[in-house]
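Summary of the model geometry
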Amino acid sequence: MATDLTTTPTAHPDVAPIQRRTLRLLFTTQIVGGIGVTIGISVGALLAAEIAGTAVAGLAQSAAVVGAALLAVPVTRIITGYGRRPGLAVAYVVGALGGALVVLAAATRSVPLLFLGMLLFGGGSAANLQARYAAVDLAEPDRRARQLSLIVWATTIGAVAAPNFAALADRTTSGWGLPALSGPFAFSAVAFVLAAGVLLLWLRPDPLLTARRLAAARAGASEPTPPGPPPAPAEPAQAASALAPAGPVPVPAPASPARRGVGMRAAWSVVRARPAARLGVSAVAVGHLVMVAVMAMTPVHLREYYAVDEVLPVVGLVLSLHIAGMYALAPVVGWLADRFGRRPVILGGVGTLLAACAVAGTAGHHTPRLTVGLILLGLGWSATMVAGSTLLSESVPDEVRPSAQGLSDLLMGLAGASAGALSGFVMQLAGYPVLTLLAAVAVAPLLALALRPVPTSAPDRKD
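Residues numbered from 1 in each chain as written. Predicted model: local features only at pLDDT ≥ 70, side-chain atom pairs only at ≥ 80, totals over all residues. Heavy atoms only, no water.

**Thoughts on the overall build of the protein**
Note the following rule: Helix numbering and strand numbering both begin at the N terminus, where a helix is a DSSP run of H or I of at least 4 residues and a strand a DSSP run of E of at least 2. Remark: exposure states derive from per-residue accessible area (1.4 Å probe, protein chains only) relative to the maximum for the residue type, with buried under 20%, exposed over 50%, and partly exposed in between. Residue contacts are counted whenever heavy atoms from the two residues lie within 4.5 Å of one another. A 1.4 Å probe and the Shrake-Rupley method give the accessible areas. Residues count as covered only by the protein chains that appear here.
Assigned secondary structure in the protein consists of 17 helices and 0 strands. In the protein, buried positions account for 49% of the 463 residues. By sequence separation, contacts in the protein at least 24 residues apart represent 84% of the contacts at least 6 residues apart. Accessible surface computed for the protein: about 20,400 Å², of which carbon and sulfur atoms make up 70%.

**Points about helix α13 (residues 330–340)**
Residues separated by three or four positions in an α-helix point in the same direction, a consequence of the helix having 3.6 residues per turn. Basically, it comes down to this: This arc is taken over the directions from the axis of the helix to the C-beta atoms.
Taken together, the buried positions of α13 are occupied by Ala330, Val333, Gly334, Ala337 and Asp338. Along the axis of α13, the buried residues cluster in a sector spanning 135°; they form a single face. Remark: Gly341 follows α13 within two positions and exhibits a positive phi of approximately 110°.

**As for a nonpolar patch on the surface**
How we decide: Residues enter patches when their relative accessible area tops 30% and they take part in no salt bridge; the joining distance is 9 Å for like charges and 5 Å for the nonpolar side chains Val, Leu, Ile, Met, Phe, Trp and Tyr. The term salt bridge refers to a side-chain nitrogen of Lys or Arg lying within 4 Å of a carboxyl oxygen of Asp or Glu.
Together, Leu329, Val332, Trp335, Leu336 and Phe340 make up an exposed nonpolar region whose accessible area comes to about 460 Å². When you line up the elements, Trp335 lands in helix α13.

**A look at unusual backbone geometry**
Cis rather than trans, the peptide bond between Arg204 and Pro205 has omega equal to 0°. By secondary structure assignment, the location of Pro205 is in the loop between α6 (183–202) and α7 (207–222).

**Section: the packing of aromatic side chains**
Cut-off, in case you're wondering: Pairing of aromatic side chains here covers Phe, Tyr and the six-membered ring of Trp, requires ring centres within 6.5 Å, and sorts the geometry by plane angle: under 30 degrees stacked, over 60 edge-to-face, intermediate tilted.
Counted by the stated rule, this structure contains 6 aromatic pairs. Centroid distance Phe121 to Phe192: 5.5 Å. Interplanar angle 50°. Geometry classified as tilted. Remark: Phe192 occurs in helix α6 and Phe121 occurs in helix α4 (residues 111–134); sequence separation between them is 71 residues. Taking the relative accessible area as the measure of exposure, Phe121 reaches 2% and is therefore buried. Judged by relative accessible area, Phe192 falls into the buried class, the value being 0%. An aromatic cluster is present here, built from Tyr92, Phe121, Phe185 and Phe192 joined pairwise through their rings.

**Observations concerning the nonpolar core**
Short version of the rule: To define a nonpolar core, start from buried Ala, Val, Leu, Ile, Met, Phe, Trp, Tyr and Cys residues and group those joined through side-chain atoms within 4.5 Å.
In this structure, Leu279, Val290, Ile346, Leu370, Leu374, Leu377 and Tyr432 are the most contacted members of the largest nonpolar core, which totals 52 residues. Only α5 (144–174), α11 (275–303), α12 (308–327), α13, α14 (342–361), α15 (367–393), α16 (401–430) and α17 (432–451) provide two or more residues apiece to this core. Once residues lying within four places of it in the same chain are set aside, the contact partners of Leu377 are Val290, Met291, Val294, Met295, His322, Leu353 and Ala356. Residues Leu47, Ala63, Leu101 and Phe192 belong to the second largest nonpolar core, which totals 45 residues.

**Looking at the environment of Gly280**
On the secondary structure map, Gly280 appears in helix α11. Since its relative accessible area comes to 0%, Gly280 is described here as buried. Linking Gly280 and Glu394, residues 114 residues apart in sequence, is a C-alpha distance of 9.7 Å. Beyond its immediate sequence surroundings of up to four residues, Gly280 is in contact with Gly388, Leu391 and Leu392.

**Regarding the packing of α13 against α14**
Under the convention used in this document: Here, axes are lines fitted to C-alpha atoms. For helices the fit covers the stretch in contact, and angles between N-to-C directions go from 0 to 180 degrees. What sets the label is the angle itself: under 35 degrees gives roughly parallel, over 145 gives roughly antiparallel, 65 to 115 gives roughly perpendicular, and the rest give oblique. The nonpolar class holds Ala, Val, Leu, Ile, Met, Phe, Trp, Tyr, Cys and Pro. Asp, Glu, Lys and Arg form the charged class, and all remaining residues, Gly among them, are polar.
Put simply, α13 and α14 touch, their axes get as near as 7 Å, and they point 135° apart. Considering their axes alone, α13 and α14 lie oblique with respect to each other. Only Arg342, Pro344 and Val345 of α14 make contact with α13, whose side of the interface consists of Val333, Leu336, Ala337, Asp338 and Phe340. When its residues are assigned to classes, the contact of α13 with α14 shows 6 nonpolar, no polar and 2 charged.

**Notes on the environment of Gln428**
By secondary structure assignment, the location of Gln428 is in helix α16. Relative accessible area serves as the criterion here: at 69%, Gln428 is assigned to the exposed category. Taking the C-alpha atoms as reference, Gln428 lies 9.9 Å from Val300; in sequence the two are 128 residues apart.

**As for the pattern of salt bridges**
Going through the model one piece at a time under the given rule, you end up with 7 salt bridges. A salt bridge links Arg84 to Asp137, with the shortest nitrogen-to-oxygen separation between them at 2.8 Å. Of this pair, Arg84 sits in helix α3 (residues 84–108) while Asp137 is found in the loop between α4 and α5, placing the two residues 53 residues apart along the sequence. Taken individually, Arg84 and Asp137 each receive the classification buried, so the pair is uniform in this respect.

**A word on the confidence of the model for the protein**
In plain terms, the rule: Think of pLDDT as the predictor's per-residue confidence, scored from 0 to 100.
The predicted model of the protein has a mean per-residue pLDDT of 82, with 82% of residues at 70 or higher. Within the model, the stretch residues 1–11 combines pLDDT values under 50 with 18 contacts to residues more than four positions away or in other chains. Low pLDDT (under 50) marks residues 231–260, which in the prediction has 38 contacts with non-local residues, meaning those over four places away or in another chain.

**What about α6?**
Operational definition: Here a helix's expected span is defined as the number of its residues, less one, multiplied by 1.5 Å.
Taking 1.5 Å of rise per residue, the 20 residues of α6 would be expected to cover 28 Å, and the 29 Å separating its terminal C-alpha atoms lies within 8% of that figure. Looking at α6, one finds that the buried residues are Gly183, Pro184, Phe185, Ser188, Ala189, Ala191, Phe192, Ala195, Ala196, Val198 and Leu199.

Take a look at the structure:
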């Protein structure tokens, strides 16, 4: 029998405090990790241009995006087998290693080492993205979108604050003998290690493993009782093992095949077979594609109307407001998704993306209008990201969920990297208005998919 997602089941009395603790830790590490990601990315193109030349500066930035997408695969395997805590920590450690390699590349002026470092640096972004899913493992159905959006919103603090620290970090590390522009990456590595340490020490019990134990307990309780004498009462220690205490626990042993869940290939089959899951994955990927394609070329478009010494302040203001549109209203988007449903919010996001393309593409040299278009672009991305991620998480069985979430992040990253790479060619050949028109056309398949009826029930035990 399917479970209606609109109803709130009776929560286990110990789940609520575990969920609150999990949200606090995730919120904290999102801020630290967000600072780590943004403080490095803010000077990444400048450092790449200094080492390898302006022509490949954009490719170095794209390497971090591709790295985040590709690292979603091994990180998902770790999460599926051992839980959220080790998976997120490994992603942050890989990002820290990437930051250290970038510093070494700056010192040796090695272009291959720079690209390898930027590729691994994407581990920080991979961890930040995967953290949003940890927020819904133990969330009640009518609060999933709000709690996921809270973790997305936490990124705002790091993303807004970090660029202001880049110059300070560079000045500080220059006294240590590090090359110019490499200091922010050294600080990024420290931030990633700090986030990994916090998760390893205090994200206990693991929310994903706890959710699995609860699901197994519910499944066992629903089985018919075989004839014979009643079972002996459970020992207190056995009863308490259904939910681990908030203190330190031993590292879990390697999981059995049933506990490990399934890989991405099987998750792909499950997602393809479920309309709601397909809509969730498509909303996340298409929203990210459109956002990256338009946003990446906006500074180039502004350069056509401003002098060299005037364009940077304008670009900074426009992109800052765009980032605010992406993250600042995420909790409101989450509340709307819980109140009115995932699909209506996705449709609202699609409409907002189309409006953003229309406004930005027809703005010309009118910067205030272009700024409005970029804010709308951020809002549309937020709606598709929050509602799509929530819809995917609740539309697949428990054992498939981590792999399906990793698959979604992989597709999202590849879509963003492809959009960033192709947008430059479109901009050069046809201009910014044509680029926004093609971005709007890319939204059409998502609109058609979102208009189709989507089941509102969770997968049943047979599924």
